[in-house]
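The lines below spell out each chain.
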Amino acid sequence: MNKVLSIFISLIISLLLFNCTSKIKIEEQVLNQNWLIASAKNINADAKTISSETINLDKWTKTSVPTTVLGALVDAGVYKDPFMGNNLEKIPRKPFEDSWWFRNSFDIEDFDEAKEHLSLLIDGVNYRANFWLNGKQIASQDTIFGAFRQFELDITNTAKNGKNTVLVEVFSPKVRDFYMGFVDWAPTPPDHYMGIYREIRLKRSGKVSMNASFVAPDVDVKDLSKATLTISAELTNHGNEAKTVEVVGHIQDIEFSKQFTLRAHQKTEVKFSPSEFKQLNIKNPRLWWSNGLGEPNLYTLNLEVRENGIVQDKQTSKFGIRKIETYLNAKNVRGYKLNGREVLIKSAGWVDDLFLRYMPEKDAAQIRYVKEMNLNSLRFEGVWGNNQHIYDLCDENGILLMVGWSCQWEWPDYLGQEFKMKPGDENLPINVGVNLYAVKLTTSEETLLSDYFRDQVKWLRNHPSIFTWASGSDAMPKASLEKQYLETLQKYDPTRPFLVSSGEFESTLTGKSGMKMNGPYEYVPPVYWFEDKKLGGAFGFNSETGPGPQIPPIESIKKMISAAELWPPDNKIWNYHSGRKDFNTLGIYLKALNNKYGTAKDLEDLAFKAQLMNYEAIRPMFEAHVINRPTTTGVVQWMLNSPWPDFYWQLFDYYLMPTGAYYGTKKAANPVNIIYNYFDNSIHLSNDTRKNLKDVKVEIKLLDQNSKVVFEKKMSVDLKENSTNECLKMAQLKGNHQVYFLDLKLKNASGEIIADNFYWLSTYKDQLDWSKYFWFYTPQKQYADFTPLNDLPKTTIKAEKVVKSTELEYEISLKLSNPSDKMVFFLETELANAKTDAAILPVFWSDNYVSLLPHETKILLVKCYKKDADNKEPIIRIKGYNLSEKMKL
C-alpha cells in the first residue's frame, strides 16, 4: 500500500512539475504599431522620466515602425505634400540635427525569468541609438551604431509582467558614416534617413533559444531528381548550468532529430547533414525556378528545441531547393546557372521609398509588375527592404536577386566629404575614376562593413531568390576586406557565389568580376544596343544601363508639378524631379523627342509622345541582349522604380503608373519572341524556355506609311529551348524620310499567337556620333524622322468590354477592332475610376500601346483590385496617335 501511495505521489509531483515547466511561452512579437516620436530638444525631461511616467502627448507624434523621422512627420501631416514641386527642399534641416525619441509600450503576461528568456531583436536603426526599458538604460550609442548592423539585447532581468515601456533615442548619421542612400537618383531628405527603418521584435523563449536557422540546398545538375539539404541553427544556453536538449525538425513528411549538450551560457551552431541523416537526401524535389523557366516552389522547415520534452524555442523558415552556379566564359564574361541551366539575367534596379516607409501592398504590386513584365531578376544596390517581406515576394514570384552594397560608400561626396576632381577627369569611365577618387577605408571601417555583411547574410540567406552577394558597385573592396567577406560566406552561406564588384575589376583573390558598367544612363536610340561593341551595347554582363529618362503619363506629371510650372518642361522644377549631377535635366531626352517626333505643342502632346519614345527606347535594349546570348549573359535596366515622383529611370512611376517603357520591356522580355535588329535589319527568333517548340509559324508583314503591304513572308520553324536564330534579313527600306510599319507574329501549331511585335521604322535613321565620348551616353549626329506619323490619316475603332468580377479583382476583356483599311497607331488604354475618372493603380494589362493593322482585331485583358476601384466597375479610356477622338467605355 505504501509503495502504491509512493508511486501515486510521484506521479502527482511529476504532473505538477510538468504543468509548471510547460508554461514556457514561445512567441515573437513585432513592435510595429503605437509608436510615438518627438524631438529630444522639445522634451524637457530625461530618459528615465520619459520611459517610466505618463507623458504629455501634445509634443509627440504618433507613428508606426519601420519609418524614418521625416517619414513619420510626413505621414502625420506635419510636412504636407513634400513630393509636390520643390517642397522637399523647403523642409528645414535644423530639427534633424538633434536626437529624436521613439517610444512604445508592450505587455507581458506570466513571465518567469527563472525559466524563460526575453530579448529585443533590432534589425536596423540609422544611425546610432540609446535604448531604455522601464527607465533603465539597456544599450548605448557606443555599441548600437551602424545602419546595417543587427543587435540582440537581453531584457530578461529588466522586463516585468504587465506594461513595459521601451524608449529609443536615435541619432542621425554624421560625415563619413556608412548608411543607406539614393546616390544621384533622388534628393537626400534633410533627416538623412534617421530612424528605426527596420523592425524591432520581442522574442520570448525558454532558457535555450534558437536563432539563425538555415537550409543549404544542393542539386545534382546532371540528375535533377536528386537533391540534398544541410540544416543548421544557432542555440544559446542562457542558463547558469549545462543543458542537454533535443532539436527536432520537420519538412513536410520528413522528420529528423538530434541531442546536443550546451555548457552554461554557451552559444553554438548545430548542424544536420545529409550524410548523417539519410532523409535529407531528397528524391524528385520540387525545384525553385526563376520567372519564365518554371515554378518557384517553396518548402517550409519547422525546428524545435526541447528540454525534457518541453519546447524551449522554435523557428519556421521557408526555403527553396535550387542550385546557383557562376562561370566566366572565354571572353571573361560572368554568367549564372540555375539548376544547371544558363540564365539570361533580365533585370532592373530596385529602390525603396525615399522615407524608407514600409508599404507592403505597394511592394506586392511592384513585384507583380516585375513578374508580368517577364523580368526574372532585380538588382538591390544597397540591401533594401524594411523586413523580409520584399524578399519573400521575390521568392514566391521567381525573381532572382543580386544583393549587395551601394556606391553610396564608394564616393566621398555621398559620405558628406569634399570631392575634388582634377579638371579633365569629369568624363572618366566609372572604374577608372573610382580608382583615383574612391573612399579609402580605415581598418575600423573595414571591420564595420564586414560586420554589416555578416549580419545581412545571416538575416537573408534562406531566400532562394538571392543568387549572388555583391560586395562592390562602382568599386571593389581591397583585398583585406574582401578576405573577410569571403570568410563570412564560407562560414554562413556557401550556397551562393560571391561577386567582387558590379563594375569591371580584377581581384587578386577571386579574379575578374566579369561585369561591365559603361552605361549608358541617358537617352540613346534603339540602334545603339545592336551597333555598339565597346561600351554599353548588348555584350557581356551589363550590370546597370538604360536609355535614361522615362516621362510618365500626364496624370502623374500633374501630381508632382504645380500648374504654374507644368509648361514649358525645361524649367527648374522639372529638373528638380530629374536625377542629380549629370542627370539634373531632361535636355538630351527632349532634344531627341523633338527631333524624332516633332516638338510637342502642349503638355498632353508631350506626355503621349514620351510614351512612344519610352517604348521605342527600352524595348531594343532588352531585345538586343535576348538575341545576343550567350555573348551577353545579363542586363540590368537602370532602374525599375523610383523612390519619389520623378522623370528618370523608371519602368513605372512612384504612383505605380506604368510608362511606355513598362510595356516595351514586357514585350521584349517575353520568353518566346520574334525580334527586329535595328542595326542590320535582320529578324530573330528566341526561345528562352526549357521546352522545345515544334512547328512554329512565323508571319512577317511590312507596311508603308499609307498602310499598304509592301512585303510579306510566312515560314515554319522549330525552336530549341534556350536558343536564338536569325530567320530573315530584311532589305533596306526605300524612300526619303518615309515611315514603315513592321508587324511580326509567332503562332503555335494550333494557330494561336504566342508572340508578336510591332515596329515603326524610318528611312532617315538614327546615327550615333562615335567620335564623341561621354561617360554616361553617346550623342547622336542624326535623328530618325518619325514626323510623318503626325500626318497619318485619322481613324476610328470599335471597342467592346466584358467585365468579370472575382472576390478581389475586376477582370476586363477589351476587344479592339480596326474596321478601316488604314493603320491605327499606338493606342493608349487606361483603366479609370467610374466616379472620379482618376486612373486606377496598380493596373495589370496584358498589353498596351498597341497598333492595329487594317481590319485587325486584338483582345487585351486588364485586371485591378476592387478596392482600388472603390468597388465600382471601372471604365476604360482610349486614345491613339491617329485616332479621330478619345473614347470612353
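The coordinates are above.
Below you will find a few notes about this structure. (Residues numbered from 1 in each chain as written. Predicted model: local features only at pLDDT ≥ 70, side-chain atom pairs only at ≥ 80, totals over all residues. Heavy atoms only, no water.)

1. So, the overall build of the protein chain
- Scanning the protein chain from terminus to terminus reveals 15 helices and 49 strands.
- For the protein chain, whose C-alpha radius of gyration is 30 Å, the value lies close to the compact-globule estimate of 29 Å for 889 residues.
- Overall, the C-alpha framework of the protein chain stretches about 110 × 65 × 60 Å when taken along its three principal axes.
- Residues classed as buried in the protein chain amount to 61% of the 889 residues present.
- In the protein chain, once contacts between residues fewer than 6 apart in sequence are set aside, the share between residues at least 24 apart is 73%.
- Summed over all atoms, the accessible surface of the protein chain reaches about 35,300 Å², with 49% contributed by carbon and sulfur.
- Between the averaged position of the 109 positive side-chain charges in the protein chain and that of its 110 negative side-chain charges there is a distance of 2 Å. (Helix = DSSP H or I, 4+ residues; strand = E, 2+ residues; numbered from the N terminus. Rg over C-alpha atoms; globule rule 2.2 N^0.38 Å. Buried < 20%, exposed > 50% of the residue type's maximum accessible area, 1.4 Å probe, protein only. Contact = heavy atoms within 4.5 Å. Areas by Shrake-Rupley, 256 points an atom, 1.4 Å probe, with all protein chains shown as cover. Lys, Arg positive; Asp, Glu negative; His and termini not counted. Charge placed at Lys NZ, Arg CZ, Asp CG, Glu CD.)

2. Thoughts on the sheet that holds strand β42 (residues 798-805)
- Sheet architecture is open: four strands sit in the order β42-β43-β47-β45, paired in antiparallel fashion. Single-partner strands in this sheet number two, and they are β42 and β45 (844-845).
- Bridge count between β45 and strand β47 (residues 857-865): two bridges; the pairing is antiparallel. Across the sheet, W845 pairs through a bridge with V862, a residue of β47. (Pairing = 2+ DSSP bridges.)

3. Some words on helix α7 (residues 430-437)
- Among all positions of α7, only I430, N431, G433, V434 and Y437 are buried. Taken around the axis of α7, the buried residues stretch over an arc of 160°, which confines them to a single face. Exposed residues on α7 whose side chains face more than 90 degrees from its buried face are N435 and L436. (Arc of directions from axis to C-beta.)

4. Looking at the side chain of Q266
- Of note, Q266 is situated in the loop between β16 (254-262) and β17 (267-272).
- Residue class for Q266 comes out buried when judged on its relative accessible area of 15%.
- If near-sequence neighbours (up to four positions away) are discounted, Q266 is found in contact with L235, T236, N237 and T261.

5. Examining unusual backbone geometry
- The omega angle of the peptide bond from R629 to P630 is 10°, so this bond is cis rather than trans.
- Looking at the secondary structure, you find P630 in the loop between α14 (603-627) and β32 (632-637).
- Omega for the peptide link from W638 to M639 comes to 15°, which places this bond in the cis form.
- Relative to the elements of secondary structure, M639 occurs in the loop between β32 and α15 (660-668).
- Here the phi dihedral of N284 falls at roughly 50°; this positive angle occurs in a residue that is not glycine.
- When you line up the elements, N284 lands in the loop between β18 (281-283) and β19 (299-307).
- One non-glycine residue with positive phi stands out, namely W649, at about 55°.

6. Quick look at the pattern of salt bridges
- Across all of its chains, the model carries 55 salt bridges by this definition.
- For R368, the salt bridge identified is with E372, shortest N-O distance 3.2 Å. A residue pair is termed a helical-turn pair when its members lie 3 or 4 positions apart in one helix, as R368 and E372 do in helix α5 (residues 360-372) at four residues.
- Overall, R368 belongs to the buried group, its relative accessible area being 18%.
- With a closest N to O distance of 2.9 Å, K667 and D756 form a salt bridge. In this pair, K667 is assigned in helix α15 and D756 in strand β39 (residues 753-762), connecting sequence segments 89 residues apart. (Salt bridge = Lys/Arg side-chain N within 4 Å of Asp/Glu carboxyl O.)

7. Overview of the packing of helix α13 (residues 587-597) against α14
- Following both chains from N to C, one finds α13 and α14 inclined at 95°, their axes separated by 11 Å at the closest point. The orientation of α13 relative to α14 falls into the category roughly perpendicular. Contacts between α13 and α14 involve Y589, L590, A592, L593, K596 and Y597 from the former and L606, K609, A610, L612, M613, N614 and E616 from the latter.
- Residue composition of the contact of α13 with α14, grouped by class: nine nonpolar, one polar and three charged. (Axes fitted to C-alpha atoms, helices over the stretch in contact; angles between N-to-C directions. Parallel < 35°, antiparallel > 145°, perpendicular 65-115°, else oblique. Nonpolar A, V, L, I, M, F, W, Y, C, P; charged D, E, K, R; others polar.)

8. Considerations on the packing of α14 against α15
- One way to put it is that α14 packs onto α15 with a least axis distance of 7 Å and a crossing angle of 25°. Classified by the angle their axes make, α14 and α15 are roughly parallel. For the pair α14 and α15, the sense of crossing is right-handed. Side by side, α14 and α15 meet where Q611, N614, Y615, I618, R619, F622, E623 and V626 of the first sit next to G660, A661, Y663, G664, T665, K667 and A668 of the second.
- When the residues that make up the contact of α14 with α15 are grouped by side-chain class, the tally is seven nonpolar, five polar and three charged. (Left-handed = near helix turned anticlockwise from the far one by under 90°.)

9. Points about the environment of P552
- With respect to the helices and strands, P552 occurs in the loop between β31 (540-545) and α11 (554-560).
- With relative accessibility at 1%, the residue P552 sits in the buried group.
- Taking the C-alpha atoms as reference, P552 lies 8.8 Å from Q650; in sequence the two are 98 residues apart.
- Excluding its chain neighbours within four sequence positions, the residues that come into contact with P552 are I557, M560, A607, Q611, D646, F647, Q650, D653 and T659.

10. Description of the pairing of β32
- In terms of residue burial, β32 counts as a mostly covered element, since six of its six residues are buried.
- Sheet topology places β31 next to β32; four bridges connect them, and they run parallel. Of the residues in β32, the one forming a bridge with N542 is V635.

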